[in-house]
Amino acid sequence: MVTEANSLWQVYKTVPFWKVVKNFTVIQLARYTPFLPLKNWLYRTFLHMEVGKNTSFALMVMLDIMFPEKIKVGSNTIIGYNTTILAHEYLIKEYRLGEVIIGNDVMIGANSTILPGVVIGDGAIVSAGTLVHKDVPPGAFVGGNPMRIIYTKEEMEAREQEEDHHDKE
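Treat the numbers as computed from the prediction; the structure is a model and nothing was measured. Every residue gets a number counted from 1 within its own chain, in the order that chain's sequence is written. Local features in this predicted model are restricted to residues of pLDDT 70 or higher, and side-chain atom pairs are both shown and tallied only at a pLDDT of 80 or more, whereas totals for entire chains, interfaces and linings draw on every residue. No hydrogens and no water enter the side-chain calculation; it runs on all heavy atoms of the structure.

J.: Tell me about helix H3 (residues 36-46), and please be specific about residues and values.
T.: The cut-offs for exposure are 20% and 50% of the maximum accessible area for each residue type, with area from a 1.4 Å probe on protein chains only; residues under the lower value are buried, those over the upper are exposed, and the others partly exposed. Secondary structure follows DSSP: runs of H or I at least 4 residues long count as helices, runs of E at least 2 residues long count as strands, and numbering of each begins at the N terminus. Along H3, the residues classified as buried are Lys39, Asn40, Leu42 and Tyr43. Viewed along the axis of H3, the buried residues span an arc of 155°, placing them on a single side of the element. Among the residues trailing H3, His48 stands out with phi positive, at a value near 60°. The directions from the helix axis to the C-beta atoms form the arc being described.

Right under this line is the structure:
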């Protein structure tokens, strides 16, 4: 709880200034590099993030500058262009922290925003421009602002089987 000015004015009481400077520098460098292995190495080495094998962060992805170590991304996942992943929220009277866990084989569309404390299950698909404000079940297809489930894993599997059946005819 904050008793003085809004919580953002007290940012350096919650995170060291030089940590923010280092994180900002690493994130800005990674945002513009087209070399995926280099990006993942920067995130793992300097930001202490867990990043799975063959995960791809597109250009301009913006990670939480203050608490990137609270972001975990599984293997073979794609984070789309200009997506923002936050592990903190500074509000008027308080601030919140929350781990963001993104599973394996997840596809996150461009220009999405993922808020703190969210878990995105394995195999999920997040449509472009989505505000992910709550957990996404494994294999689900979600989208919108605010996010809603468009198809569950079971509905997605049924659609794929139906498409396969029509392709064979």
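There is more to say after this.
J.: Give a detailed account of the side chain of Lys39, specifying residues and quantitative values.
T.: Mapped onto the fold, Lys39 is located in helix H3. The definition of a polar contact used here is a pair of N or O atoms within 3.5 Å, where within protein one atom must be able to donate a hydrogen and the other to accept one, and adjacent residues in sequence count solely through side-chain atom pairs. Polar contacts involving the side chain of Lys39 include one to the main-chain carbonyl oxygen of Ala30, which spans 3.2 Å. Those residues in contact with Lys39, other than ones at most four positions away along the chain, are Ala30, Arg31, Thr33, Phe57, Ala58 and Leu59. Note on definitions: a residue-residue contact is assigned when non-hydrogen atoms from the two residues lie within 4.5 Å.

J.: Explain the sheet that holds strand S9 (residues 100-102) to me, and be specific about the residues and the numbers.
T.: Spatial strand order, S1-S4-S9-S12: four strands in an open sheet with parallel pairing. A strand with exactly one partner marks an edge of an open sheet, and here the two such strands are strand S1 (50-51) and strand S12 (119-120). Strands pair, by our definition, only if DSSP identifies at least two bridges between them. Both strand S4 (residues 71-73) and S9 contribute to a ladder of three bridges, which runs parallel. Residue pairing for S9: Lys72 is matched across the bridge by Ile101.

J.: If you had to explain the nonpolar core to someone new, which residues and values would you point to?
T.: To form a nonpolar core, buried Ala, Val, Leu, Ile, Met, Phe, Trp, Tyr and Cys residues must be joined to one another through side-chain atoms within 4.5 Å. Core analysis: the largest hydrophobic core is formed by 38 residues, its most contacted members being Phe57, Leu63, Ile102, Ile114 and Ile120. Among the elements of the structure, helix H2 (17-32), H3, strand S3 (62-63), S4 and S9 are those that each provide at least two residues to this core. When residues of this core are assigned to their parent elements, the largest contribution, four residues, is made by H2. Apart from the residues within four sequence positions on either side, Phe57 is in contact with Leu36, Lys39, Asn40, Tyr43, Met49, Val51, Leu63, Val73 and Ile79.

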